[in-house]
Amino acid sequence: MRIHNFNPGPSALPLAAKERAQREMLDIEGTGISILEHSHRERTYEAIHREAIALLRSYLQVPETHEIIFMQGGGRMQFAFVPLNMLKPGQSADYVITGAWAKQAYEEAQRVSALIGASVRKAGSTEVDGRFNRIPRNEELVLDPNAAYVHITTNNTIFGTQWHWLPETNAPLVADASSDIGTRSMDWKRFGLVYAGAQKNLGPAGVTVVIARKDWMREGRSDIPQIFQYRAYAESESLLNTPPVFAIYMVRNTVQELLAWGGLSAIEKESEEKARMIYDVIDSFPDFYRAPVEKESRSRVNIVFRLPTEELEKRFLSQAKERGFIGLKGHRSVGGIRASLYAALRKESAEALADFMEKFAKGH
Ligand SMILES: *Cc1c(COP(=O)(O)O)cnc(C)c1O
């Protein structure tokens, strides 16, 4: 049975990326040893490392104004890393709270700013009774014109909302793009720094991709431990210490395949189509499927919906599993169903799920 992997992260990888890893597992490029056994200071790995960065630059259409850095610690470590580097004593940063991850980024920034004599502000929040069903409009935001940066979460993985516009500000935007990087084009001019764990759209767990404007990153603090400075990673080409070599190798294989599928414009188009197929079924059966998210704020990568009863949701999940659809259970904090349609999930999988949803609704 074909498995359709809707896991929220780690998530589906291109078959060809895994097959290549399988082929090369015991002997990479005739060296007689595995990629797992190579030194990170030696030619075979260095070439893969540089290729991974070059392919990411090409795929994500990152201009030379921005640096691409590999780090560890996940998206979550960036919650602390960003204010530690980019907030100076006496400065303030704005945070827009649109979901659980955004809230944690804000809380972590509060801890860091208290430590360094800086501050963070809530520039807007769409929380109602502990839930977030939309992205705020620009006129709802109360932005500080002197903010060191404005932090947003481009896609809210748990609640299924996504920014389809950007806050109007002259401050650099900092974005947690963990769940939608690589599924749509970005206006890099607006972003001082973007971060994402690789495990949703770009590869396996273990490596975090940070894309930072070079001149802005250089303004970051240099009086903190070197291992906590972005510039130390940038200046060493992300080889300050041993990087997660296998994760970066898999990012190389994954992005190479996404480029072979037509690159970002093709994946973005596919992403719109995949989402439309699922939302179309939800909207065609309004008495059966209920999407809590405001239409203008709907995410194209995490589609969240409910069925009339929890009993039916259980039946939906178990019948889905029998047909090879996995990873559809909503986040434990909100329940319901969530279909995650990341970059490497093929259109056929979304099509098959939409078909199953339609039959399930008609049958119940
Ligand atoms: C998954 C996710 C995170 C957490 O990432 P880790 O790599 O597990 O730290 C943070 N933010 C968003 C938006 C996410 O989707």
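Residues numbered from 1 in each chain as written. Predicted model: local features only at pLDDT ≥ 70, side-chain atom pairs only at ≥ 80, totals over all residues. Heavy atoms only, no water.

Let us look at the site of the ligand. Around the ligand, a shell composed of 13 residues is seen, among which Arg76, Thr157, Asp176, Gln199 and Lys200 lie nearest. Contact between the ligand and Gly75: an oxygen atom at 2.9 Å from a main-chain N or O atom of the residue. With respect to the ligand, the side chain of Asp176 contributes an N or O atom lying 2.6 Å from a nitrogen atom. In isolation the ligand exposes 390 Å². Once the protein is present, 86% of that is buried. When residues of the shell around the ligand are assigned to their parent elements, the largest contribution, four residues, is made by helix 3 (residues 74-86). A class-by-class count of the residues in the shell around the ligand yields two nonpolar, eight polar and three charged. (Near = heavy atom within 4 Å. Polar contact = N/O pair within 3.5 Å; in protein donor to acceptor, adjacent residues only side chain to side chain. Areas by Shrake-Rupley, 256 points an atom, 1.4 Å probe, with all protein chains shown as cover. Helix = DSSP H or I, 4+ residues; strand = E, 2+ residues; numbered from the N terminus. Nonpolar A, V, L, I, M, F, W, Y, C, P; charged D, E, K, R; others polar.)

Our next topic: unusual backbone geometry. Between Gly9 and Pro10 the backbone carries a cis peptide bond, its omega angle lying at -5 degrees. Phi at Asp129 takes a positive value of approximately 50 degrees, unusual for a residue other than glycine. By the secondary structure assignment, Asp129 is in the loop between strand 5 (127-128) and strand 6 (131-132).

Applying the stated rule across the entire model yields 25 salt bridges. The shortest N-O distance in the salt bridge between Arg20 and Glu24 comes to 3.1 Å. Taken together, the positions of Arg20 and Glu24, both in helix 1 (residues 15-24) and four residues apart, correspond to about one turn of that helix. Using a relative accessible area of 17% as the deciding quantity, one classes Arg20 as buried. Note that Glu108 is salt-bridged to Arg111, the shortest N-O span being 2.4 Å. Here Arg111 and Glu108 lie together in helix 4 (residues 100-116), a separation of three residues that amounts to about one turn. (Salt bridge = Lys/Arg side-chain N within 4 Å of Asp/Glu carboxyl O. Buried < 20%, exposed > 50% of the residue type's maximum accessible area, 1.4 Å probe, protein only.)

The next thing to look at is the packing of aromatic side chains. Going through the model one piece at a time under the given rule, you end up with 21 aromatic pairs. Here the aromatic rings of Tyr95 and Tyr106 are separated by 6.0 Å at their centres, their planes lie at 55 degrees, and the arrangement is tilted. Here Tyr95, found in strand 3 (residues 92-97), pairs with Tyr106, found in helix 4; they are eleven residues apart in sequence, far enough to count as distant. Using a relative accessible area of 1% as the deciding quantity, one classes Tyr95 as buried. (Phe/Tyr/Trp six-rings, centres within 6.5 Å; stacked < 30°, edge-to-face > 60°.)

Paired through backbone hydrogen bonds, the strands of a sheet run either parallel or antiparallel to each other. An order of 2-12-11-10-7-3-4 is seen for the seven strands of this open sheet, with the pairing classed as mixed. At either margin of the open sheet sits one strand with a lone partner, and together these are strand 2 (66-71) and strand 4 (119-125). Put simply, the sheet's adjacent strands are angled 20 degrees from each other on average, direction ignored. Across six bridges, the pairing between strand 3 and strand 4 is parallel. (Pairing = 2+ DSSP bridges. Axes fitted to C-alpha atoms, helices over the stretch in contact; angles between N-to-C directions.)

Judged by nonpolar contacts, the single largest core of 51 residues is most densely connected at Leu56 and Tyr59. Each of domain 1 (15-260) and domain 2 (263-363) accounts for three or more of the residues forming this core. When residues no more than four places from it in sequence are discounted, the contact partners of Tyr59 are Gly182, Leu202, Val255, Leu258, Leu259, Gly263, Leu264, Ile267 and Ala343. Judged by nonpolar contacts, the second largest core, of 35 residues, contains Val82, Tyr95, Ala118 and Val334. (Core = buried A, V, L, I, M, F, W, Y, C linked by side-chain atoms within 4.5 Å. Domains from an automatic or database assignment. Contact = heavy atoms within 4.5 Å.)

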